[in-house]
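# Structural overview for review
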Amino acid sequence: MGTRSRNGFKKESFILSVDVGTTSIRCHVYDKEANIRGSCSTKVVLLYPEVGYVEMDPEELWKGFIYVVKGAVQDAGIQMQQIEALGISTQRSTFTTWDRKTGVPFHNFITWQDLRAADLVKSWNSSCTLKTIQGVLKVLYFLSRQKRLLAGSLVVFSTQHVTFRLIWVLTHHKQVCQAMNEGNCCFGTIDSWLLFKLTKGYVHATDYSNASSTGIFDSYQMCWSGFLSSLVSLPLSIFPRVENTDHNFGSTDPSIFGVSIPIMSLMADQQAAMFGECCFEVGDVKITMGTGTFMDINTGSKPHTSVAGLYPLVGWKIGSEVVYLAEGNAADTGTAIKWAQEIELFSDIRETSAMAYSVSDSDGVCFVPSFSGLQAPLNDPKACASFMGLKPSTTKSHLVRAILESVAFRNKQLYDTMLKETHIPITKIRVDGGVSSNDFVVQLTSDLFGKKIGRLQRHEMSCLGAAFVAGLGVGFWRTREELKKLQKTGEVFLPQCAAKESGDGPSREYTPILQSWERALRRSMNWYNRP
C-alpha cells in the first residue's frame, strides 16, 4: 500500500510506532522490511514526592510523545502523510484520572513501581473478608471445577496492580470523588489517556492487553470485574471501553500533526514485545530485561490459573482470536545496574560484561536486587536490596559480577516457577530489552536454564510489536508468517556448563552459588516496617 503523490506516482508509506517506557519514550518509523528508517527518543522524568511514591507529570509525558513522533518523522526524511498507521505500546498499570469535559488530569500518573498502597494491600490480603471470599470460591470450584473460580480463590493483591492505588486516589483526592459522582471522571492507563488526547477527547478506550494488566479486569470473562469493583467500591462508569488490540481506535486530530493518522493498535509493552518477538505458538517464552525483568509464556487460548504469583494476561485479541500469557516479573533489573553506575562501580554499562568475566567468581558476594521489594514467587514488598558476603578482598569487578549474577538468578527463579506451574513444554526462548545486550547475563541465564536462548539484532521489541499489529490492521503486512521472515537473526546462546543429569537445571558449578544467593534473599525479606 502507498500514498499517491500529485504527479501520480506512489510515495513510499510507513508505520509509526511509539513505546512509552518507564525511563524513556521512543518512536520509530518502520518500512516494509521492518527496518527502522527514523527514530527519536526522550527521557521520562520520574517524580518521587515522598518515600515509596513514584509519579510522572501527564503534560510532560504528552509533550514528550509529540516531540518523539515529530522527531522520528523528521529523522526519516519523510512527510506525515506518508504514515499509514500509528501503533502505541505503553508501560502497564501506570494510571491517572481526568476531567471528562476538559481532559485535565486530577493528579500525576501513579506508576506501576509506586508503593503508596502497600499497607492497604497488606490489610486486604490478611482481611477476614478476603479469606471468606477465597473459602467460598474454593468450595464452588470443588463443586463446579470452573478454573475461573479457582483463580478467584487464589487471588492475592499486589501494589503493581492498579486496584488499591486507585482506591488511594479516591480516598485522598476529593475532586476525583466529586467528578465521579457527577459522571465526569475518566480513569485510564497511559494508552487510554494518550488516545483521549490524540482524538481531542473523542475516544475513551483501551485494549484487552492493557486492561488485563490492571488487576481490575476479569481475563476469564473478558470484561472489567464487576465483582471486584463492587468489593472495593470502584464504579465501573469511570473505566474505558475495551477493544481488540488491532481495533481502529480513531485518528489523530489533524491539529496535532497536520494530518489525521489512523491509530491502529494499543498494546501493553510486554505483550507488544511478545508479538514483536513473533512468539505466536504455545510454549514460546520471551524475557524482557529492561527497568524490570518480565518473563512471559504463551499459554494459548486459555488463561493460566496460578498458585505462586504468575499473572494470567491477555496477550492480544485480534479478530476472534484471544491469546493468553502467564507472566512473572522482577522489578529492579535495570534499576540495579543503573544504581551501580551512579555509585561509580563502572563508567560505561558496556564494560560490565567484561568486568564480570575478568574474575572467576564473585568472591562469595551476593547481591539482592530488591529496591522495589521481591515479586513472584516470594512476593515480599518489604524486602530490601543488599550486598552480603563483602570482604577486604572484594573488588569492583566482584560487585559487578554479583549484580549481574543476581539478574540471571532471578531469571532462574521465574523460569522454575513457570515450568512448575504451567506444565507447558518450552518451544523457544528469546530475550530483549536493554540488559539483554549484556553477554554475561544472557549466557549465565542459558547455563542456568540448560536451554538455548535467542537474541535478535533488535532489542526494542515493544515498539516493533505495536508496529506489527498496526501494520497488519491496514494491510501494510499481510500475515504473521511474513512477520517471522522479517526478523533479523541475531545471536544464539547455548548452555556451556554441564547441566544436572536430570536435564534442565543449574550447572554443578553454580548450584552452591545459587543456594548462597537464595539464603541472602531470605535474609533480605521483611526488612522494612513500611515498604
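All of the points below concern the structure found in this document. (Residues numbered from 1 in each chain as written. Predicted model: local features only at pLDDT ≥ 70, side-chain atom pairs only at ≥ 80, totals over all residues. Heavy atoms only, no water.)

### Notes on the overall build of the protein
In terms of helices and strands, the protein carries 18 helices and 24 strands. For the protein, the C-alpha radius of gyration of 23 Å lies close to 24 Å, the compact-globule estimate for 531 residues. Projecting the C-alpha coordinates of the protein onto the three principal axes gives extents of approximately 70 × 55 × 45 Å. Per-residue burial over the protein gives 60% buried out of 531 residues. Across the protein, contacts joining residues at least 24 apart in sequence account for 72% of those joining residues at least 6 apart. Accessible area of the protein: about 21800 Å², with a carbon and sulfur share of 52%. The protein carries 54 positive and 50 negative side-chain charges, and their two centres are separated by 4 Å. (Helix = DSSP H or I, 4+ residues; strand = E, 2+ residues; numbered from the N terminus. Rg over C-alpha atoms; globule rule 2.2 N^0.38 Å. Buried < 20%, exposed > 50% of the residue type's maximum accessible area, 1.4 Å probe, protein only. Contact = heavy atoms within 4.5 Å. Areas by Shrake-Rupley, 256 points an atom, 1.4 Å probe, with all protein chains shown as cover. Lys, Arg positive; Asp, Glu negative; His and termini not counted. Charge placed at Lys NZ, Arg CZ, Asp CG, Glu CD.)

### Structural notes on the pattern of salt bridges
In the structure shown here, the tally under the stated rule is 20 salt bridges. The partner of Arg37 in a salt bridge is Asp31, and the shortest N-O contact between them spans 3.2 Å. When its relative accessible area of 35% is taken as the criterion, Arg37 is described as partly exposed. The class of Asp31 is buried, set by a relative accessible area of 3%. In this structure, Lys484 engages Glu481 in a salt bridge whose closest nitrogen and oxygen atoms are separated by 3.3 Å. Here the residue Lys484 and the residue Glu481 both occupy positions in helix α17 (residues 480–486), the gap between them amounting to 3 residues, near one helical turn. (Salt bridge = Lys/Arg side-chain N within 4 Å of Asp/Glu carboxyl O.)

### Description of the sheet that holds strand β15 (residues 263–268)
Pairing is mixed in the open sheet, where 5 strands are placed in the order β5-β4-β3-β7-β15. Of all the strands in the sheet, just β5 (36–43) and β15 have a single pairing partner and so form its edges. With direction set aside, neighbouring strand axes in the sheet form an average angle of 15°. Strand direction decides the pairing type here: strand β3 (residues 14–20) and strand β7 (residues 83–90), joined by 7 bridges, are parallel. By the bridge assignment, Val18 is partnered in β7 with Ile88. (Pairing = 2+ DSSP bridges. Axes fitted to C-alpha atoms, helices over the stretch in contact; angles between N-to-C directions.)

### A look at the environment of Leu120
On the secondary structure map, Leu120 appears in helix α2 (residues 118–125). In the structure, Leu120 is positioned 71 residues away from Asp191 in sequence and 26 Å away in space, judged by C-alpha atoms. Setting aside residues no more than four positions away along its own chain, Leu120 makes contact with Phe164 and Ile167.

### Some details on the environment of Gln175
In this fold, Gln175 is placed in helix α6 (residues 174–181). With a relative accessible area of 36%, Gln175 lands in the partly exposed category. In this structure the C-alpha to C-alpha distance between Gln175 and Asp99, which are 76 residues apart in sequence, comes to 9.5 Å.

### Observations concerning a nonpolar patch on the surface
Together, Val136, Val139, Leu140, Phe142 and Leu143 line one region of the surface with nonpolar side chains, adding up to about 510 Å² of accessible area. As for its position among the elements, Leu140 is in helix α3 (residues 128–144). Residue class for Leu140 comes out partly exposed when judged on its relative accessible area of 38%. (Patch = residues over 30% accessible without salt bridge, like charges linked within 9 Å, V, L, I, M, F, W, Y side chains within 5 Å.)

### Some thoughts on the packing of helix α14 (residues 396–422) against helix α18 (residues 511–524)
One can describe the packing of α14 onto α18 by two numbers: an axis separation of 11 Å at closest approach and a directional angle of 90°. Comparing the axis directions of α14 and α18 gives the class roughly perpendicular. Taken together, the residues of α18 that come into contact with α14 (itself represented by Glu405, Ser406, Phe409, Arg410, Lys412 and Gln413) are Ile513, Leu514, Trp517 and Leu521. Among the residues making up the contact of α14 with α18, the classes are represented as 5 nonpolar, 2 polar and 3 charged. (Parallel < 35°, antiparallel > 145°, perpendicular 65-115°, else oblique. Nonpolar A, V, L, I, M, F, W, Y, C, P; charged D, E, K, R; others polar.)

Distances and angles like these do not, on their own, reveal function.
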